[in-house]
Amino acid sequence: MYFNSEKMEKTIGRLAEKTPEVGETVSSLLVKKAFTYLIMAPDDLHVFSQLSTANISQRITIAYTGAFGVLKHRLKQIFESVESLPDEESKGPAFRVHERLTVKYESEKHTSLH
């Protein structure tokens, strides 16, 4: 047997306070609770459900034996925004790509990505 039913979502919390303009991007979560679907802002998740959110930071260490300056030069050829970081902030040579990824010199054989 095949049942085709219409599904309805209910917008709740801060997301329901104002109607978005046409073409406006809305950041939201779709949560299925029992047989209902709820659309809510990520910050409202703990208010309307027993779920919570968390941020995960990841650091990847890669083997790299070339000159750190050459790595920076090559990334500048690929990406528009590559900026050096002060040594005090990064505790060694480092630079940031597009204000998102930090590339840090760890040792003669390793570079890390944060």
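All values reported here derive from a predicted model rather than from experimental measurement.

## Section: the side chain of Ser49
- In this fold, Ser49 is placed in the loop between helix 1 (45–48) and strand 4 (60–63).
- We classify Ser49 as buried; its relative accessible area is 15%.
- Polar side-chain contacts of Ser49 include one of 2.7 Å to the backbone oxygen of Leu45.
- A distance of 3.2 Å separates a polar atom in the side chain of Ser49 from the backbone nitrogen of Leu51.

## Let's talk about the nonpolar core
- Ranked by size, the top nonpolar core spans seven residues in total: Phe68, Leu71, Leu75, Val82, Phe95, Val97 and Val103.
- If you list the elements that add at least two residues to this core, you get helix 2 (68–78) and strand 6 (94–97).
- In terms of residue count, helix 2 provides more of this core than any other element does, three residues in total.
- Setting aside residues up to four positions removed in sequence, Val97 forms contacts with Leu75, Phe79, Ser81, Val82 and Val103.
- With five residues, the next largest nonpolar core counts Ile12, Val31, Met40 and Leu45 among its residues.

## Notes on the sheet that holds strand 3 (residues 36–40)
- With mixed pairing, the three strands of this open sheet are ordered in space as 1-3-2. Sheet topology places strand 1 (9–11) and strand 2 (29–33) at the edges, where each strand pairs with a single neighbour. The mean angle between the axes of side-by-side strands here comes to 30 degrees, regardless of whether they run parallel or antiparallel.
- As judged from the five bridges shared by strand 2 and strand 3, these two strands associate in the antiparallel manner. From the neighbouring strand, Leu30 faces strand 3, where its bridge partner is Ile39.

## A short note on the environment of Glu9
- For Glu9, the position within the fold is in strand 1.
- For Glu9 and Ile39, which are 30 residues apart along the polypeptide, the C-alpha to C-alpha distance reads 6.6 Å.
- Sequence-distant contacts of Glu9, defined by excluding residues within four places in its chain, comprise Leu30, Tyr37 and Ile39.

Reading the values: the criteria
Residues numbered from 1 in each chain as written. Predicted model: local features only at pLDDT ≥ 70, side-chain atom pairs only at ≥ 80, totals over all residues. Heavy atoms only, no water. Helix = DSSP H or I, 4+ residues; strand = E, 2+ residues; numbered from the N terminus. Buried < 20%, exposed > 50% of the residue type's maximum accessible area, 1.4 Å probe, protein only. Polar contact = N/O pair within 3.5 Å; in protein donor to acceptor, adjacent residues only side chain to side chain. Core = buried A, V, L, I, M, F, W, Y, C linked by side-chain atoms within 4.5 Å. Contact = heavy atoms within 4.5 Å. Pairing = 2+ DSSP bridges. Axes fitted to C-alpha atoms, helices over the stretch in contact; angles between N-to-C directions.

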